[in-house]
Amino acid sequence: PKYSNSIHGAALTAWSASAVAGPMGLAYLRSRAERAAIDELVDGVTPEAFEAAFGASVESKQSLLESKTLTISRLLEISPENTPDPTPHLYDDTFYVAAGFLGVAAVSN
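So, here is what we can say about the structure in this document.

Cut-off values and rules
- Residue indices begin from 1 for each chain and proceed along its sequence in written order.
- Reporting of local features is limited, given that this is a predicted model, to residues whose pLDDT is at least 70; pairs of side-chain atoms are given and counted only at 80 or more, and all residues count toward the totals for whole chains, interfaces and linings.
- Computation of side-chain values: all heavy atoms of the structure, hydrogens and water removed.
- Helix and strand assignments come from DSSP, with helices taken as H or I runs of at least 4 residues and strands as E runs of at least 2, each series counted from the N terminus.
- A radius of gyration in this sense is built from C-alpha atoms; the matching globule rule multiplies 2.2 Å by the number of residues raised to 0.38.
- Contacts are assigned to residue pairs with any non-hydrogen atoms lying within 4.5 Å of each other.
- A 1.4 Å probe and the Shrake-Rupley method give the accessible areas. Residues count as covered only by the protein chains that appear here.
- The convention is simple: Lys and Arg are positive, Asp and Glu are negative, and His and the chain ends are not counted.
- Charge positions are represented by NZ for Lys, CZ for Arg, CG for Asp and CD for Glu.
- Throughout this description, the term salt bridge denotes a Lys or Arg side-chain nitrogen within 4 Å of a carboxyl oxygen of Asp or Glu.
- Residue exposure (1.4 Å probe, protein chains only): buried if accessible area is under 20% of the type maximum, exposed if over 50%, otherwise partly exposed.
- In this text, buried Ala, Val, Leu, Ile, Met, Phe, Trp, Tyr and Cys residues form a nonpolar core when linked through side-chain atoms within 4.5 Å.
- By the criterion applied in these results, polar contacts are pairs of N or O atoms within 3.5 Å in which, for protein atoms, one can donate a hydrogen and the other can accept it, and in which residues neighboring in sequence qualify only through two side-chain atoms.

## Some thoughts on the overall build of the chain
- Along its length, the chain carries 5 helices and 0 strands.
- Mapped from its N terminus to its C terminus, the chain presents α and β elements in the order α-α-α-α-α.
- Here the chain has a C-alpha radius of gyration of 21 Å; the compact-globule value for 109 residues is 13 Å, and the former is much larger.
- On the principal axes, the C-alpha backbone points of the chain span a range of 70 × 25 × 15 Å.
- For the chain, long-range pairs separated by at least 24 residues make up 58% of all intrachain contacts whose partners lie at least 6 apart in sequence.
- Accessible surface for the chain amounts to roughly 7900 Å². Of this, 62% is attributable to carbon and sulfur atoms.
- Distance between charge centres in the chain, computed from 7 positive and 13 negative side chains, equals 15 Å.

Written out as structure tokens, the structure reads:
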């Protein structure tokens, strides 16, 4: 009918924006959770064990992260026994945000 072009134009714009912003936002949330888990694991490891495993001091954590040398699995190898593995919980915040957006979309429709 009369306004179908503008309605479809707005819908296509919204879909395009969500196709770009959605994955980027979710990837950011996941990387933030991974960084927090790594920081928590580094706090539980002795500086001597860290340096023996990675060949660098704890102060060079950022460069080790950027080179993908410092990972959760490698930190768990040198962590104290009974340290919980944070990997299953990395997507918790991401899924809560996605569920929140879906809830808002359901209510607004």
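Let us keep going from here.
## Focus: the pattern of salt bridges
- All chains considered together, the criterion is met by 2 salt bridges.
- Between Asp39 and Lys61 there is a salt bridge whose closest N-O contact spans 2.7 Å. Remark: Lys61 occurs in helix α3 (residues 61-66) and Asp39 occurs in helix α1 (residues 4-44); sequence separation between them is 22 residues.
- Lys61 gets classed as partly exposed once you look at its relative accessible area, which sits at 22%.

## Thoughts on the nonpolar core
- Of all hydrophobic cores here, the largest spans 15 residues; its most connected members are Ile38, Phe50, Leu70 and Leu75.
- Elements with a minimum of two residues in this core: α1, α2 (47-54), α3 and α4 (72-78).
- If we ignore the near neighbours within four places in the chain, the residues touching Phe50 are Val42, Val45, Gly55, Ala56, Ser57, Val58, Leu64, Leu70, Leu75 and Ile78.

## Describing the environment of Thr87
- If you trace the backbone, Thr87 turns up in the loop between α4 and α5 (92-108).
- Along the primary structure Thr87 and Ile72 are separated by 15 residues, whereas in three dimensions their C-alpha atoms are 7.6 Å apart.
- Here Asp85 takes part through its side chain, which lies 2.7 Å from a polar atom of the side chain of Thr87.

## Description of unusual backbone geometry
- A positive phi angle, close to 60°, is found at Lys68, a residue other than glycine.
- Within the secondary structure, Lys68 is located in the loop between α3 and α4.
- Taking the relative accessible area as the measure of exposure, Lys68 reaches 68% and is therefore exposed.
- The backbone of Asn82 sits at a positive phi, close to 70°, despite the residue not being glycine.
- Tracing the backbone shows Asn82 in the loop between α4 and α5.

Distances and angles like these do not, on their own, reveal function.
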